[in-house]
Every structure is written in structure tokens, then in C-alpha cells.
Amino acid sequence: MTFNPPKGSPTMNITDLLAGLDTSATPAPDRSPVATKPLAMPTLALPLLDYQVEGVTFAMNQRRSYIADEMGLGKTAQGIALAVAAIDAGLSPVLVVVPPSLRLNWVREFGKFSPATTVATLTGRTLPDALPDAQVLIIGDAVLPSWADEDTPFLPGKVKALVVDEAHRIKNPKAQRTASIQRVADALPSDGLVTLLSGTPLIAHPGDLAMPINILDKMNRFGGSIGNYLDTYVPKVRGCRFGSREVDLAMLPDLHERLLAGDAPFMIRRCRADVVSLPSKGRVAVTFPMSKALERRYLSAHRDLIGYLSSEGYSAKRLASASRAEALVKMGHLRRLAAEGIQDSVCDHVRGILAADPQAKVFVAAVFRDDVDVLATALGAVKIKGGMSDKAKMASVDSFQNDPECRVLVGNIQAAGVGFNLTAGSHCVVASLPWDSASLTQAEDRLHRIGQERDVLIHVGVAGLSDGTPSISENLWTIIQTKHGVSSTVIDGEAEDLLSGNGDARESLLAMYGG
């Protein structure tokens, strides 16, 4: 499918991205060839599938690579195999960086695939006198900055291999987790292993890949600097004094070629349809009516936002940074009201699914933590959200997976949408939408993955207003499908589910609500 947005497509402002990046050409760490012990395919307690063996072999040969298989294809198993291979080659300890909610899950998976490997979890921000005596060290990316601080680095130089799960989380150059992972990667020995794992490596635009490429020490393939990379794939808008950049759609195939094809690809991507036989997955948008009281509050807030943006002159001139930030806060309030307004409708919908199919289990995905609590209570469901302990989260997963009486799990998209296996469910009801398609598909594919035995249906919920005016969630649903066209063109080589346009979701919503 060719990616052809209409003329006048909104540009995407990534000034904040540039502000945090060193765009100059800086010398790369010395990684001149040395005599290294070749990495060999390890022996695991559970066998890998053929395509997983291919992925591990690719990463072992590359030493610095990105495994970008679609969700549900066993990237964790490949990461474990690579860690064991590194240990066998004398590259120990191996540091595994994961979202905090997945620490216990990774410990469990090591126990399944390589029970002889010694594993320790690094927690908290208080540093010990010495690292635990273990071959694998697992740490949450939230506390990693304390262990890899620029002034008092504890981990850099003490580990010899690095595996980063959900590596799309290191796209922000100003985030401490990104800088910490960069410091660890730069301090590895010349024969050290670095493997990034994510099923959604590009969230919104090619700028998302700048830091992962830099961490993998592959920027020499893109002009030698982050600045050259950005100027090629997200060039500055001519004549725009606000520093905005826009995606160069014509260059997306070139980026795909340099990442995944060509003479020396360093990213490998396999899609479910190509390597495994899974039940089908379908997606349908469901318009949920808002409660009358919440609709009145929503419309009042909507009128206030329109007036606010109009008074700031957004239609004629881009908002100044402070004004834009305030506008985003107001839009966030609209999103919250829209989500709150359809809570009763979402619960009725879930109950209808359960009544129609006595065997069905439902994963309800929500953006806001308050929604998780309200929906879980109303549905008598287990839940996963930020702030819960790893043990409590896994207890919810285990109940949903194994207890026939536990038919609903409500999860915050950020906390429950990555890493977990929810194949007992066959329906995913999205109670509120994230900003991007990657977070949405990550949440969906907790169900649609290896081990799923039933067809999976995704119910994307949007708030419907009684007068037929599109709500903020309806507009956002259109935009995140559009954004998916950019990411799928780069990663999969063709646009998927593309409607039109190429703008960042928040920027486009600001334009929509600015008249």
C-alpha cells in the first residue's frame, strides 16, 4: 500500500526531541575488530521455534541489533537465549533492562528456559557495596538512572552484555532511562552484546528511532550524527520560525531499507502471519453514549477549550510553548471526561459479551488509573495498574489465566499493555484511547499471541455525543490510525490501516480544536 496523505497534511513538531539531542557528529566508541569468542546457540530447557533461532543467530552475529518481531512471537525467549549465549562466551554478567512491571515476569521466564542460570533483581535507588553474584541482573528502567548516574556510575563498566525489553521506551533523549542505557552500552567491552527488543519500535515518527540507533552505535549508516539523521527523515519545515519538523514521506522506504534490508541490516522483524498459525484478530470501533451529566460537563469544557485557543489566536499562529502546554492540559481534561462519561456504557458492553459467550474472558484496557479502579469494582474484576507490586500484578494475571471464575481483567494500558500473557481472553475492550497506535496494539496483543486458541475481537471504545458532534476520542481514533501509516511503512515496508495525514496526534488535535 502506498502512503499518500492529502495535501496540507499537518506537520509534526518535534522541537522537544531536538532540544534534548546532541545532533553533532561525535566520535563513536572504539569498537575496532578484536579476537572474540564466537557466540554459539545455547542449550535451553525449552526449545526455541525455528524463527526464534533465526532471530537469536542474527543478533549473535550482529552483536548490536534490534529484534522487532510483532507482539506475541516470543521476544522474551530470544532475549533469554541471547543472555545465555553471552554468558557461555564469558560475557557475564548480563544486564536486562525492563519496564518495572515486567521484572517478575522475566525472572519466571528465565526459570522456565534456563533454570541453571543465576538471576538477581536490582531494586530501589540505594546502591549496594557490590553487585550480586549472579550471571543475569534484571533491573526496572525507572530505577536504572540511580544505578547508572552520570556522576557516580555504578553499573557502567561492570556488565558485559545488555538486553533492553520494550526498547521503544528509550526514544526520548531527555529521559533519564535513555541516558542511563546509553552510558551502560558505551561502557561495554568491544565484544559486548547489545540487543533491543520491541514489537513497536517506531511509535509516531522516524525521530523515535534516533536514540535506539545511537545506542546500537549504528548512526554511521545515517550520516554519522543524529542531526543528519533527523534532517534526512524529519527535515525542518521551510520558513517556519518555530523549529517544527515534518516527516519526509518519500524517505520512509529508504529508512526501511537501511534498518531491515540492504547490505548490513541490524533490525530483524517477523510478523505473526508469516511464522505462526494463530486464530484471527478483528477490530471494531464501538461508539458508547456518554451519561447525561458527564456530557454536559464535557461540552462545557469543550466550549472553554475552543474559546481558550481562539483567544490565543491558534488558527493564525502557533501557540507559544507555555500556551501550548496549557492547551494540552485542557485537552487531557477533555479526554478524562470522555473516558469517565462512558464508564457505565463500557460496563454494560462487557456484561453483554460475557452473557453472550459463557466461555469468554475480557481484558478491559484503560488509559487512566481512576478508570481502572472504577471499572474493576463495577465488573468484579482483577486489575493491573501502576503502583501495584510486581507480585500483585502477576497474581492478577495468574487469576485471569487460570481461574475459570475470573472472567475480566481491567488494566492500565501503560502498566498492563506490555509484556504480560493474557491469552485466556478473547475480547479486548478499549475503554479509553492512548495517544498512539503502538500502545493500542501492544495492549491488544496481550491476547493475540502464541498460546491463543480462540479468535480475538478488539472493541475500540469512543465517546459519542448526543448531537452527533465528534468527540475528542473519536478524533483521536482517526488520528492514531493515521499515525500507524508512518510506523508501518518504516518497519513493515508498507502502510497499514492508513486513513490520511501524518501529524502527531496531540498536534493534530490542537489544530482540530483550534478551529
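Heads up: these notes are all about the structure in this document. (Residues numbered from 1 in each chain as written. Predicted model: local features only at pLDDT ≥ 70, side-chain atom pairs only at ≥ 80, totals over all residues. Heavy atoms only, no water.)

Thoughts on the packing of helix α2 (residues 50-62) against helix α3 (residues 75-88)
Reasoning step 1: For the pair α2 and α3, the least separation of the axes is 9 Å and the interaxial angle reads 45°. On the basis of their axis angle, the class for α2 and α3 is oblique. As α2 runs across α3, the sense of the crossing is right-handed. Between α2, through Gln52, Gly55, Val56, Ala59 and Met60, and α3, the contact on the second element is made entirely by Ala77, Gln78, Ala81, Leu82 and Ala85. (Axes fitted to C-alpha atoms, helices over the stretch in contact; angles between N-to-C directions. Helix = DSSP H or I, 4+ residues; strand = E, 2+ residues; numbered from the N terminus. Parallel < 35°, antiparallel > 145°, perpendicular 65-115°, else oblique. Left-handed = near helix turned anticlockwise from the far one by under 90°. Contact = heavy atoms within 4.5 Å.)

Remarks on the packing of aromatic side chains
Each aromatic ring pair is described using two quantities: the centre-to-centre distance and the angle formed by the ring planes.
Reasoning step 1: Per the counting criterion, the structure on display carries six aromatic pairs.
Reasoning step 2: Aromatic pair Phe222 and Tyr229: ring centres 5.4 Å apart, planes at 80°, arrangement edge-to-face. The exposure classification of Phe222 matches that of Tyr229, with both residues buried.
Reasoning step 3: With relative accessibility at 5%, the residue Phe222 sits in the buried group.
Reasoning step 4: Above the plane of the ring of Trp435 lies Arg335, whose end atom (NZ or CZ) is 4.4 Å from the centre.
Reasoning step 5: Geometry around Phe400 places Lys361 over its ring, the cationic atom sitting 5.5 Å from the centre. (Phe/Tyr/Trp six-rings, centres within 6.5 Å; stacked < 30°, edge-to-face > 60°. Buried < 20%, exposed > 50% of the residue type's maximum accessible area, 1.4 Å probe, protein only. Lys NZ or Arg CZ within 6 Å of the ring centre and 35° of its normal.)

Focus: the sheet that holds strand β12 (residues 427-430)
Two pairing modes exist for strands in a sheet, parallel and antiparallel, and in both the strands are linked by backbone hydrogen bonds.
Reasoning step 1: Taken in spatial order, the six strands line up as β8-β13-β12-β9-β11-β10 in an open sheet, and their pairing is parallel. Two strands in the sheet have a free side with no partner beyond their single neighbour: β8 (281-289) and β10 (382-384). The sheet shows a mean angle of 20° between the axes of neighbouring strands, direction not considered.
Reasoning step 2: Strands β9 (362-366), β10 and β11 (408-412) of the sheet are contacted by helix α15 (residues 390-402), whose axis makes an angle of about 135° with β10.
Reasoning step 3: Strand contacts of helix α17 (residues 437-444): β8, β9, β12 and β13 (456-464), with the helix running at about 110° to β8, the strand carrying the most contacts. (Pairing = 2+ DSSP bridges.)

A word on the sheet that holds strand β1 (residues 64-67)
Reasoning step 1: Across the sheet, seven strands lie side by side as β3-β4-β2-β5-β6-β1-β7; this open sheet has parallel pairing. On the outer flanks of this sheet lie β3 (119-122) and β7 (267-268), each paired with one strand and no other.
Reasoning step 2: With four bridges joining them, β1 and strand β6 (residues 193-197) adopt parallel strand pairing. Looking at the pairing, Arg64 lines up with Val194 of β6.
Reasoning step 3: Set on the sheet, helix α4 (residues 103-113) makes contact with β2 (94-98), β3, β4 (136-140), β5 (161-164) and β6; between it and β4 the angle comes to about 160°.

Regarding the packing of α4 against α15
Reasoning step 1: Viewed as axis vectors pointing N to C, α4 and α15 meet at an angle of 65°, and their least axial separation amounts to 8 Å. As far as their axial angle goes, α15 and α4 are roughly perpendicular. Mapping the contact onto sequence places Arg103, Leu104, Asn105 and Arg108 in α4 and Asp390, Lys391, Met394 and Asp398 in α15.
Reasoning step 2: Here the residues of the contact of α4 with α15 are counted per class, giving two nonpolar, one polar and five charged. (Nonpolar A, V, L, I, M, F, W, Y, C, P; charged D, E, K, R; others polar.)

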